[in-house]
Amino acid sequence: MAFDYDLFVIGGGSGGVRAARVAAGEHGAKVALAEEDRYGGTCVIRGCVPKKLMVFASGYSGIEAEAGAYGWDITLGDFNWERFKGSMHAELDRLEAIYRRLLANSGVETFDARATVKDAHTIVLSTGEEKTAKHILVAVGGRPTRPNIPNADVGIVSDDLFDLPELPKTMLIIGGGYIASEFAGVMNGLGVSVTQYYRGEQILRGFDNEARALIADQMVEKGIDLQLGTNIAEMEKRDGGVWVKSTTGVETIFDQALFATGRKPNTDGLGIEEAGGALGRGGEIVVDEYSQTGVPSIYAIGDVTNRVNLTPVAIREGMAFVQTVFNAKPTPVDHDLIPSAIFTQPEMGTVGLSEEAAAEIEPIEVYATTFKPMQSSFACKPDRVMMKLIVSQATRVVLGCHIVAPNAGEMIQLAGIAVKMGATKEDFDRTVAVHPTMSEEMVTMKTPTRKT
Ligand code: NDP
């Protein structure tokens, strides 16, 4: 049977765009891609990129005092949200144009339309057109969710943060994950009075406990009203703001309330089950290690599969898909030892097992140090940083590396190479320190802090 295309990609985010342009540009496949919203997807349009720009913007708020200690007389004026928002959106427009251009230059045909799967080889576009393809790649990502409580729609979600008409004076952030904790820091830095409710004992569940505690302490130190063991019980629009009653019985009116309570794969009405594929309990598309669904011609990558929801992982999955399908090299995706950064303030970089997870598996040594870094110590700021290694007692292999520090994301990218290579503690120790830096502590921790 002759198909319209060798490959039809649904979704123009990081994963889908990469797979489409490599399949077309490097392997000569006839490729089409449909995107119902903006090219670039969550990461570029309403996630990592604008978030990081806001992290940068918020970072200037402490500069006055610090620069003063270094001899500069600086008076910081007010933060102009309108001006920054305009520049941020201009940058997003520029990046979206690059994504479109990359697709066009690779010979990918694009449709600005919603696409759904009709059967193993057929796609239906919102324009009414039907297209056939030998392979279908679903890369439609996910979206933020609100909890199931009355009036939840009076709260905003992360997508809305980049278009706020004005910066609120007060904001409640509900949740304790990546998005909640990152935006608590961003908004606080931009001058918003931030309250964060998290229902559990400590924010950033699943990460190393010592790192979580240090981040939470520093967030509170910077002025965030972090309320643990607290959730939202009731809410409604009142007096131009959002009235909230907490599970601890406290009633407050905030200018805005942000739900950062998780994300859900975008599979509603997509036609995956009707075509013979399976969805998991959270609505994610079930795939094997090659990103193949139960329907041999349909693959899925990125957040819609809810494996590891990070942009570089979606890109890896897209590249592996192309190798498997268009280069005759079956390539499973390696999801082990993925370094990542959480852009809280202070920032965290992490790779491998937390102390708690490692201790459940085997006897370990922990090497950890927290200290005031030179730059902020000189400026009499209370900031503290942490460097931590989790080491296998049996093999001496570094099982986990956790950094809480300014630019920890930059540091963990490099430490991640050593950990991925299977470096031992002695390999770290053989490496000469770079002085004076914060990260030199990573190669100078001689005595275990504890053994478990
Ligand atoms: P997370 O899953 O990280 O966090 C969701 C938070 O919401 C948790 O603290 C969870 O609590 C809480 N929660 C869930 N349901 C409710 C509820 N009904 N009431 C109150 N609280 C609730 O999701 P995010 O939305 O923050 O991020 C989604 C994903 O996006 C991340 O997992 C990550 O993969 C990716 N991401 C990565 C970033 C990065 O790499 N820097 C940045 C932003 C996002 P509990 O812990 O108790 O379940």
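Residues numbered from 1 in each chain as written. Predicted model: local features only at pLDDT ≥ 70, side-chain atom pairs only at ≥ 80, totals over all residues. Heavy atoms only, no water.

1. So, the site of the ligand
And step 1. Around the ligand, the surrounding shell holds 19 residues, and the nearest of these are Gly176, Ile179, Tyr198, Arg205 and Ala341.
And step 2. A distance of 3.3 Å separates an oxygen atom of the ligand from a polar atom in the backbone of Tyr178.
And step 3. In the model, an oxygen atom of the ligand is placed 3.4 Å from a nitrogen or oxygen of the Ala260 main chain.
And step 4. Protein contact buries 76% of the 910 Å² of open area that the ligand shows by itself.
And step 5. With 3 residues, helix α6 (residues 178–189) is the largest single contributor of residues to the shell around the ligand.
And step 6. A per-class count over the shell around the ligand returns 7 nonpolar, 7 polar and 5 charged. (Near = heavy atom within 4 Å. Polar contact = N/O pair within 3.5 Å; in protein donor to acceptor, adjacent residues only side chain to side chain. Areas by Shrake-Rupley, 256 points an atom, 1.4 Å probe, with all protein chains shown as cover. Helix = DSSP H or I, 4+ residues; strand = E, 2+ residues; numbered from the N terminus. Nonpolar A, V, L, I, M, F, W, Y, C, P; charged D, E, K, R; others polar.)

2. Remarks on the pattern of salt bridges
And step 1. In this structure the tally under the stated criterion is 28 salt bridges.
And step 2. A salt bridge links Lys118 to Glu130; its shortest N-O distance comes to 3.0 Å. Separated by 12 residues along the polypeptide, Lys118 in strand β4 (residues 115–119) and Glu130 in strand β6 (residues 130–138) bring together distant segments of the chain.
And step 3. Lys118 gets classed as partly exposed once you look at its relative accessible area, which sits at 44%.
And step 4. The partly exposed category is assigned to Glu130, whose relative accessible area is 43%.
And step 5. Residues joined in a network through salt bridges with shared partners are Arg38, Asp93, Glu96, Arg100 and Asp112. (Salt bridge = Lys/Arg side-chain N within 4 Å of Asp/Glu carboxyl O. Buried < 20%, exposed > 50% of the residue type's maximum accessible area, 1.4 Å probe, protein only.)

3. Concerning the layout of surface pockets
And step 1. Size it by volume and the second largest pocket reaches roughly 1,300 Å³.
And step 2. Put simply, the parts of the chain that give the lining of the second largest pocket at least two residues each are α3 (48–59), α4 (63–69), α6, α7 (209–221) and α10 (374–378).
And step 3. Looking at the lining of the second largest pocket residue by residue, the classes come out as 16 nonpolar, 14 polar and 10 charged. (1 Å grid on protein atoms, 1.4 Å probe; cavity = no way out; pocket = protein on both sides within 12 Å on 5 of 7 lines; lining within 4 Å. Points joined across faces, edges and corners; volume = space filled by probe spheres on them.)

4. Remarks on the pairing of strand β10 (residues 193–198)
And step 1. Of all 6 residues making up β10, 5 are buried, and the element is well covered by its neighbours.
And step 2. Note: strand β9 (residues 170–174) against β10, 5 bridges, orientation parallel. Looking across to β10, one finds that Ile173 is bridged to Gln196.
And step 3. Where the polypeptide runs from β9 across α6 and back to β10, its parallel neighbour, the crossover connection is right-handed. (Pairing = 2+ DSSP bridges. Right-handed = clockwise from strand over helix to strand, strands pointing away.)

5. Some thoughts on the environment of Ala433
And step 1. Mapping Ala433 onto the fold places it in the loop between α12 (425–430) and β23 (450–451).
And step 2. The class of Ala433 is partly exposed, set by a relative accessible area of 29%.
And step 3. Between the C-alpha atom of Ala433 and that of Tyr198, which follows or precedes it by 235 residues, the distance is 39 Å.
And step 4. In contact with Ala433, other than residues within four places in its own chain, are Glu440, Val443 and Thr444. (Contact = heavy atoms within 4.5 Å.)

6. Quick notes on the packing of α3 against α6
And step 1. The geometry of α3 relative to α6 is characterised by a closest axis approach of 8 Å and an angle of 40° between their N-to-C directions. On the basis of the axis angle, α3 is oblique to α6. Relative to α6, α3 is oriented so that their crossing is left-handed. Each of Lys51, Met54, Val55 and Ser58 in α3 lies in contact with α6, whose residues at this interface are Glu182, Phe183, Gly185, Val186, Met187 and Gly189.
And step 2. Class assignment for the residues of the contact of α3 with α6 results in 5 nonpolar, 3 polar and 2 charged. (Axes fitted to C-alpha atoms, helices over the stretch in contact; angles between N-to-C directions. Parallel < 35°, antiparallel > 145°, perpendicular 65-115°, else oblique. Left-handed = near helix turned anticlockwise from the far one by under 90°.)

7. A look at the packing of aromatic side chains
Pairs of aromatic rings are described using the distance from one ring centre to the other and the angle between the two planes.
And step 1. Within this structure, the stated rule accounts for 9 aromatic pairs.
And step 2. On the numbers, 6.0 Å between centres and 15° between planes, the contact of Phe8 with Phe111 is stacked. Of this pair, Phe8 sits in strand β1 (residues 5–10) while Phe111 is found in strand β3 (residues 109–111), placing the two residues 103 residues apart along the sequence.
And step 3. The class of Phe8 is buried, set by a relative accessible area of 0%.
And step 4. With centroids separated by 6.1 Å and ring planes inclined at 45°, the aromatic side chains of Trp81 and Phe84 adopt a geometry described as tilted. On the criterion of helical spacing, the pair formed by Trp81 and Phe84 is a turn pair, its members being 3 residues apart in helix α5 (residues 81–105). (Phe/Tyr/Trp six-rings, centres within 6.5 Å; stacked < 30°, edge-to-face > 60°.)

8. Overview of helix α8 (residues 311–326)
And step 1. In a regular helix each residue adds 1.5 Å, so 16 residues correspond to 22 Å; α8 covers 22 Å between its end C-alpha atoms and thus fits that length.
And step 2. Counting buried residues along α8, 12 of its 16 residues qualify, which places the element largely inside the surrounding structure.
And step 3. What α8 keeps buried is the set Thr311, Val313, Ala314, Ile315, Glu317, Gly318, Ala320, Phe321, Val322, Thr324, Val325 and Phe326.
And step 4. Backbone geometry just after α8 places Ala328 at a positive phi near 55°. (Expected span 1.5 Å × (residues − 1).)

9. A few points about the state of the cysteines
And step 1. For the coordinates displayed, the defined rule picks out 0 disulfides.
And step 2. Of all cysteine sulfurs, the one in Cys48 lies closest to Cys43, which takes part in no disulfide; the gap is 3.0 Å.
And step 3. Residue Cys43 is classed as buried on the basis of its relative accessible area of 13%. (Disulfide = S-S within 2.5 Å.)

10. Remarks on the sheet that holds strand β12 (residues 232–238)
And step 1. Strand order in the open sheet formed by 3 strands is β12-β13-β14, with antiparallel pairing between adjacent strands. Whereas interior strands pair on both sides, the edge strands pair on one side only; in this sheet they are β12 and β14 (251–254). On average, adjacent strands in this sheet sit at an angle of 25° to one another, irrespective of strand direction.
And step 2. Judged from the 6 bridges that link them, β12 and strand β13 (residues 241–246) form a sheet pairing that is antiparallel.

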